[in-house]
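Examining the three-dimensional arrangement
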Amino acid sequence: MKSLRKRFLTATAVLVIITLAGCATTQPLEPRELRYNASPEQTFREAIELMMEQGYVVRHADLALGRAEATLARWPEYRLQLQVSEVPGGSRVSLSALRGNQPLPPYVLDPWLVELQYKLGELP
């Protein structure tokens with residue numbers, strides 16, 4: 001009888017651990033990228049300005065690294081992660097977003113990237 005009870009408790013503990021481990025894993029962030037003709041510095045500054053115009057609070061921004069992170073204080077929390085890098089003839093923006101702790105699909109970021117393109121004066 002005690003052996004059966006011990007096995008049951010062990011099995012229950014293992015199932016709880018597996019369940020909790022499954023909850024802790026998150027999907028990897030998949031960024032959306034777009035190339036701009038503007039310089040990396042100009043692109044970075046305009047991207048930060050756009051975040052602030054949309055109500056995001058910029059928590060971290062480093063022009064030298066071309067990286068920034070901003071949050072929207074709305075439930076569930078939205079976070080943007082920005083990376084601006086230099087490419088021949090311009091810059092490349094890589095943008096990813098989280099809603100709560102879950103990554104947003106990359107296509108959801110297209111309007112934001114088009115708005116940045118407008119701010120940079122690069123829309124056709």
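Structural data are supplied above this passage.
Only a predicted model underlies this, so the values are computations on that prediction, with no experimental measurement involved. (Residues numbered from 1 in each chain as written. Predicted model: local features only at pLDDT ≥ 70, side-chain atom pairs only at ≥ 80, totals over all residues. Heavy atoms only, no water.)

1. Some thoughts on the nonpolar core
Short version of the rule: Take the buried residues of types Ala, Val, Leu, Ile, Met, Phe, Trp, Tyr and Cys, join any two whose side-chain atoms come within 4.5 Å, and each joined set is a nonpolar core. Each residue is placed in one exposure class: buried if its accessible area under a 1.4 Å probe, protein chains only, is under 20% of its type's maximum, exposed if it is over 50%, and partly exposed if it falls in between. Secondary structure follows DSSP: runs of H or I at least 4 residues long count as helices, runs of E at least 2 residues long count as strands, and numbering of each begins at the N terminus. Only heavy atoms enter the contact rule, under which two residues are in contact if any of them lie within 4.5 Å.
Core analysis: the biggest nonpolar cluster contains 23 residues, and M51, L80, L82, V93, L95, W112 and L116 have the highest contact counts within it. Examining the composition of this core, we find that 5 residues originate from one element, helix α2 (residues 40-53), more than from any other. Contacts of M51, omitting those with residues within four sequence positions, involve Y56, V58, A70, L80, L82 and W112.

2. Things to note about the pattern of salt bridges
Applied cut-off: By convention in these notes, a salt bridge is any Lys or Arg side-chain nitrogen within 4 Å of a carboxyl oxygen on Asp or Glu.
All told, the structure shown has 6 salt bridges when counted by the stated rule. A salt bridge links E41 to R45, with the nearest nitrogen and oxygen atoms 3.1 Å apart. Placement of both E41 and R45 in helix α2 is noted, with a separation of 4 residues, approximately one turn of the helix. The exposure class assigned to R45 is partly exposed, which follows from its relative accessible area of 48%.

3. Things to note about α2
Defined as follows: Given the number of residues in a helix, its expected span is that number minus one, multiplied by 1.5 Å.
The end-to-end C-alpha distance of α2, which contains 14 residues, comes to 20 Å, matching closely the 20 Å that a straight helix rising 1.5 Å per residue would cover. Buried residues belonging to α2 abut β1 (32-36), β2 (56-62), β3 (67-72), β4 (78-87), β5 (90-99) and α3 (110-119). Directly beyond the C-terminal end of α2, a positive phi value near 95° is found at G55.

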